[in-house]
Amino acid sequence: AAPTRVFAFRDARWAPDPVLAPSAAVRSPHPAPLVIDNGSFQTRAGWACPDPAVPAEPLLRFRSLAARSRGARGGAGAETQVGNDLGSLEPLRWLLRSPFDRNVPVQLELQELLLDHVFQRLGVSSQGCVDHPIVLTEAVCNPLYSRQMMSELLFECYQVPKVSYGVDSLYSFYHNRRQKWPCSGLVISSGYQCTHILPVLEGRLDAKHCKRINLGGCQAAVYLQRLLQLKYPGHFAAVTLSRMEEILHEHSYIAEDYIEELQKWRCPEYYENNVHKMQLPFSNKLLGSTVASEEKQEKRQQQLRRLQELNARRREEKLQLDQERLDRLLYVQELLEDGQMDQFHKALVELNMDSAEELQSYINKLSLSVEQTKQKILQSEVNIEVDVVDSKPETPDLDPLGSEQSLEDVESINEFEPLFAEEQPEVEKPVAAVQPVFNLAEYHQLFLGTERIRAPEIVFQPSLIGEDQAGIAETMQYVLERYSKEQQAILVQNVFLTGGNTMYPGLKARIQKELLEMRPFQSSFQVHLASSPVLDAWYGARDWAVEYTNREEGWITRKDYEEKGGEYLKEHCASNVYVPIRLPKQAPRAAEASAPSRASSTGNPSEQA
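Keep in mind the model is a prediction, meaning the values are calculated, not measured.

Draft legend 1. Quick peek at the packing of helix α3 (residues 168-176) against helix α17 (residues 536-548). Put simply, α3 and α17 touch, their axes get as near as 7 Å, and they point 70 degrees apart. When the axis of α3 is compared with that of α17, the two are roughly perpendicular. Contacts between α3 and α17 pair Asp168, Tyr171, Ser172, Tyr174, His175 and Asn176 from the former with Asp536, Ala537, Tyr539, Gly540, Ala541, Asp543, Trp544, Glu547 and Tyr548 from the latter. Within the contact of α3 with α17, the residues separate by chemical class into seven nonpolar, four polar and four charged.

Draft legend 2. Focus on the packing of aromatic side chains. Across all of its chains, the model carries 12 aromatic pairs by this definition. Ring centres of Tyr174 and Trp181 lie 5.3 Å apart, and the angle between their planes is 85 degrees; on these two criteria the pair is classed as edge-to-face. Take Tyr174: its relative accessible area is 3%, and that puts it in the buried class. Three or more aromatic residues joined by ring pairs form one cluster here, namely Phe173, Tyr174, Trp181 and Phe496. Sitting above the plane of the Tyr192 ring, Arg63 keeps its charged end 5.7 Å from the centroid. Lying over the aromatic face of Phe460, Arg510 brings its terminal NZ or CZ to 4.2 Å of the ring centre.

Draft legend 3. View of the pairing of strand β10 (residues 134-138). Counting buried residues in β10 gives five out of five residues, a clear majority hidden from the surface. Sheet analysis places strand β2 (residues 34-38) next to β10, joined by three bridges and oriented parallel. The residue bridging Leu34 from the neighbouring strand is Ile134, located in β10. Pairing between β10 and strand β11 (residues 162-167): five bridges, direction parallel.

Draft legend 4. Local environment of the nonpolar core. Among the nonpolar cores identified, the biggest contains 42 residues, and Leu228 and Ile511 are the most heavily contacted of them. Counting only elements with at least two residues in this core, the list comes to β12 (185-190), α4 (217-231), α5 (241-251), β17 (445-448), α14 (472-480), α15 (485-492), β18 (495-498) and α16 (507-518). With near-sequence residues (within four places) excluded, Ile511 lies in contact with Ile188, Phe460, Ile472, Met476, Val495, Leu497 and Val527. Val82, Leu115, Leu122 and Val163 belong to the second-largest nonpolar core, a separate cluster that totals 37 residues.

Draft legend 5. Structural detail: the pattern of salt bridges. Inspection of the entire model under this criterion finds 22 salt bridges. We note a salt bridge from Lys231 to Glu451, for which the minimum N-O separation is 3.3 Å. Of this pair, Lys231 sits in helix α4 while Glu451 is found in helix α13 (residues 451-454), placing the two residues 220 residues apart along the sequence. According to the relative accessible area criterion, Lys231 is partly exposed, its value standing at 35%. Where salt bridges share partners, they join Arg178, Arg542, Asp543 and Glu547 into one cluster.

Draft legend 6. Molecular detail of the sheet that holds strand β7 (residues 96-97). Across the sheet, which stays open at both edges, the three strands sit in the order β6-β5-β7 with antiparallel pairing between neighbours. Both edges of this open sheet fall to β6 (80-82) and β7, since each of them pairs with a single strand only. Relative to β6, strand β5 (residues 66-68) runs antiparallel, the two sharing three bridges. Bridging from a neighbouring strand, Ala66 pairs with Val82 of β6.

The rules we used
- Residues numbered from 1 in each chain as written.
- Predicted model: local features only at pLDDT ≥ 70, side-chain atom pairs only at ≥ 80, totals over all residues.
- Heavy atoms only, no water.
- Axes fitted to C-alpha atoms, helices over the stretch in contact; angles between N-to-C directions.
- Helix = DSSP H or I, 4+ residues; strand = E, 2+ residues; numbered from the N terminus.
- Parallel < 35°, antiparallel > 145°, perpendicular 65-115°, else oblique.
- Contact = heavy atoms within 4.5 Å.
- Nonpolar A, V, L, I, M, F, W, Y, C, P; charged D, E, K, R; others polar.
- Phe/Tyr/Trp six-rings, centres within 6.5 Å; stacked < 30°, edge-to-face > 60°.
- Buried < 20%, exposed > 50% of the residue type's maximum accessible area, 1.4 Å probe, protein only.
- Lys NZ or Arg CZ within 6 Å of the ring centre and 35° of its normal.
- Pairing = 2+ DSSP bridges.
- Core = buried A, V, L, I, M, F, W, Y, C linked by side-chain atoms within 4.5 Å.
- Salt bridge = Lys/Arg side-chain N within 4 Å of Asp/Glu carboxyl O.

Pasting the structure below:
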């Protein structure tokens, strides 16, 4: 027997983050860098300190969301909650705000709320400023305007001494390949909003050939929500985004061959063995108290008997129609046997048939149907003679061919009350509880079949949700074709998967299959998954900060900010490539324009222009 695969939604509530007391090691002999992985899904923050007394892991992890309530009338002002202080997302879904547009921070007032939360909960105690260096992650090829606003926020609002920007996926690559650094590889980073294909040559990002796919875990959750809301319209409100994210994290997987996997799901046995049933919360109060009156029990028994009689009548009518149809076909067959070919072909045209073989096949099927109907009529006559007034009445034998009509009969059984009214002698019967019409717990279950592979498949086939984009495989092939064959061979020897959206089981095997199809015959390649796809970006940023704390490489000081602007970036092994703004030079005025001629043309606006 297949194991029971019923899972309950956790619907976990977040506990508010406590205010942590920092260790003395983060203050002496000099302030330790503060590492912030500023992700569009989750923010992670902690200290980069080699001292063993300081945990080498993020001390804060919270969703990058804020909600500002409107406040009561005549009462206190609006209250703002950030991250884990929200408790649960669904009651506040329409109040939630994020500083990100895709994976780029654009709402700096909301970003300031997230940074305030980080500094406060980590116990930054300096007065009027944050005197710790900041290591902050940013998007691949981050727009200069976004970096300018972030630098302005950090230097002007928090008075930080220096800051370093890096790419989260490159930090993850650095953390997992630190022993062999610098190295080359192809980084595939898939997060909450975007998926990136990043070629790395000799430890540096080749920004010219980076590609982005605007699909990630957020779009997969929305797609899964739409699928289940269409499948279960009765549970529309219960299919929330938070529960869809839980399904994606714990019950979804990537098919190595999507079409072949769909064919497997068509098999009933495979479906029963692999379907996951998600139990929605429900209340037993909907059933009401146990019905134990004799009148309702008696009425139910009468309805069962009448339903049997109605089904018997339907079977007899169906038998009569089938028998007439069979007699007609047998008559046409006799025309063929008697050699009356003209009349035979004319009869075939009237019956909408093409050949004698089709006629014989239909006769065999109809004969079998007639015999089955006769057997059911005999069986129903035997069942009617049995006393159905029982403490546990059995469900009547319903005709499978007329099951839809029988269900309508159950709903409209009261219309036949005058036809079947009869006097029933009052006989004492044992009182028994009436069983519910359906299993209430099973009614509140979501059956996850092909939905387990459809939602995460969108990063390989964006057309599933109507997106006019290339998938991971096509984009990866496009990036590789930008390089020579020798460079391609070097890149595919180190294909690296990172990001929260790469944690699906089967993703590594799918990438290997796609590479096997696109690479030359008998060529080699290697695919590696990050040791911790979610946290390795923070670990890599910490490793870099510990190693480069006392160096100038990669750090933007306040002097650099004031002299070169907020968009300035000092490059390092895990950073973006800095492309300064180049303003077009203005053409010098014509030297032949003399002062008298300019003075004489003051009255003509077109000449002035």
